[in-house]
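For reference, the chains in residue letters:
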Amino acid sequence: MSGVEPSQLAQQPVGEAARVAEGVYQLKLPVPLPLVFVSVYLISGDDGWTVVDAGYDYPETYEVWERGARSIGLDLARDVVRIVVTHFHPDHIGAARWLSERTGAP
């Protein structure tokens with residue numbers, strides 16, 4: 001296929017965001033489990049940013065959220081308009097309350 005960029009997805013270190021496609025980023029958040037990290041996604045839209053999954057309820061997760069969001073020009077306090085959780089495992093929904101309080105997004 002021509003015109004397809006080679007994927008760097010999931011090759012970035014834990015704590016860094018990687019571009020998936022125009023306006024879509026993957027952020028690898030740390031988890032205190034043998035899994036080591038969970039991937040969440042940040043999607044830029046006309047009305048603001050959508051976050052897909054929240055990560056584990058864990059202080060290091062919060063620090064990485066702040067750094068990772070800033071690295072792609074996302075202000076957590078102003079730019080997030082919605083949070084979508086894909087399923088109820090603690091590494092995907094655990095930090096949802098913190099993220100909702102931090103962003104003001106439902």
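Before any of the text, the structure's been laid out above.
Throughout this description, residue numbers start from 1 for each chain and increase along the sequence as written. Local features are withheld for residues below a pLDDT of 70 in this predicted model, meaning they are given only at 70 or higher, and side-chain atom pairs are given and counted only at 80 or more; totals for whole chains, interfaces and linings count all residues. The side-chain values count all of the structure's non-hydrogen atoms but skip hydrogen atoms and water molecules.

S.K.: In this structure, what is going on with helix H1 (residues 59-71)? I would like to understand it.
M.R.: Structurally, the α-helix is built with 3.6 residues per turn, so residues lying three or four positions apart point the same way. The helix and strand labels rest on DSSP assignments: H or I over at least four residues marks a helix, E over at least two residues marks a strand, and numbering proceeds from the N terminus. Multiplying 1.5 Å by the residue count of a helix minus one yields the expected span of that helix. End to end, H1 covers 19 Å across 13 residues, agreeing with the expected 18 Å (1.5 Å per residue, within 8%). Within H1, burial applies to Thr61, Val64, Trp65, Gly68 and Ala69. Looking down the long axis of H1, one finds its buried residues gathered within 125 degrees of arc, a one-sided arrangement. Residues of H1 that are exposed and point more than 90 degrees away from the buried face comprise Pro59, Arg70 and Ser71. Pairs of residues are marked as contacts when any of their non-hydrogen atoms sit within 4.5 Å. Tucked inside the fold, the buried residues of H1 contact strand E1 (17-21), strand E2 (24-30), strand E3 (37-45), strand E4 (48-52) and helix H3 (96-103). A positive phi of about 85 degrees marks Gly73, the residue just after H1. Between buried and exposed lies partly exposed: a residue is buried under 20% and exposed over 50% of the maximum accessible area for its type, with that area taken using a 1.4 Å probe on protein chains only. Arc, as used here, means the arc of the directions from the helix axis to the C-beta atoms.

S.K.: Would you mind showing me how to read the packing of H1 against H3 here?
M.R.: The relative placement of two packed helices is expressed as an angle between their axes plus a distance between the axes. Simply put, an axis is a line fit to the C-alpha atoms, just over the touching stretch for a helix, and the angle between two N-to-C directions goes from 0 to 180 degrees. For the pair H1 and H3, the least separation of the axes is 11 Å and the interaxial angle reads 40 degrees. With respect to each other, H1 and H3 are oriented oblique. As H1 packs across H3, the resulting crossing turns out to be right-handed. Residue-level inspection shows Tyr62, Trp65 and Glu66 of H1 in contact with H3, the latter providing Trp98, Leu99 and Arg102. Note on residue categories: nonpolar means Ala, Val, Leu, Ile, Met, Phe, Trp, Tyr, Cys or Pro, charged means Asp, Glu, Lys or Arg, and polar means any other residue, Gly included. When the residues that make up the contact of H1 with H3 are grouped by side-chain class, the tally is 4 nonpolar, no polar and 2 charged. Oblique is the label for any angle not covered by the other classes, which are roughly parallel (under 35 degrees), roughly antiparallel (over 145) and roughly perpendicular (65 to 115). Handedness of a helix crossing follows the sense of rotation of the near helix relative to the far helix, less than a right angle counterclockwise being left-handed and clockwise being right-handed.

S.K.: Explain H3 here, please?
M.R.: For H3, the full list of buried residues reads Ala96, Trp98, Leu99 and Thr103. Along the axis of H3, the buried positions cluster into a sector of 160 degrees, meaning they face one direction only. Away from its buried face, by an angle of more than 90 degrees, H3 presents the exposed residues Arg97 and Glu101. Packed against the buried residues of H3 are E4, H1, strand E5 (80-84) and helix H2 (90-93). Phi turns positive, to about 80 degrees, at Gly104, one or two residues after H3.

S.K.: Hey, could you run me through the sheet that holds E4 in this one?
M.R.: In a beta sheet, neighbouring strands are held together by backbone hydrogen bonds and run either parallel or antiparallel to one another. The sheet built from 5 strands is open, its strands ordered E1-E2-E3-E4-E5 with mixed pairing. Here the strands that pair on one side only, and so sit at the sheet edges, are E1 and E5. Direction aside, neighbouring strands of the sheet carry axes that sit 25 degrees apart on average. We treat two strands as partners when DSSP finds at least two bridges between them. Of the strand pairs in this sheet, E3 and E4 are connected by 5 bridges, and their pairing is antiparallel.

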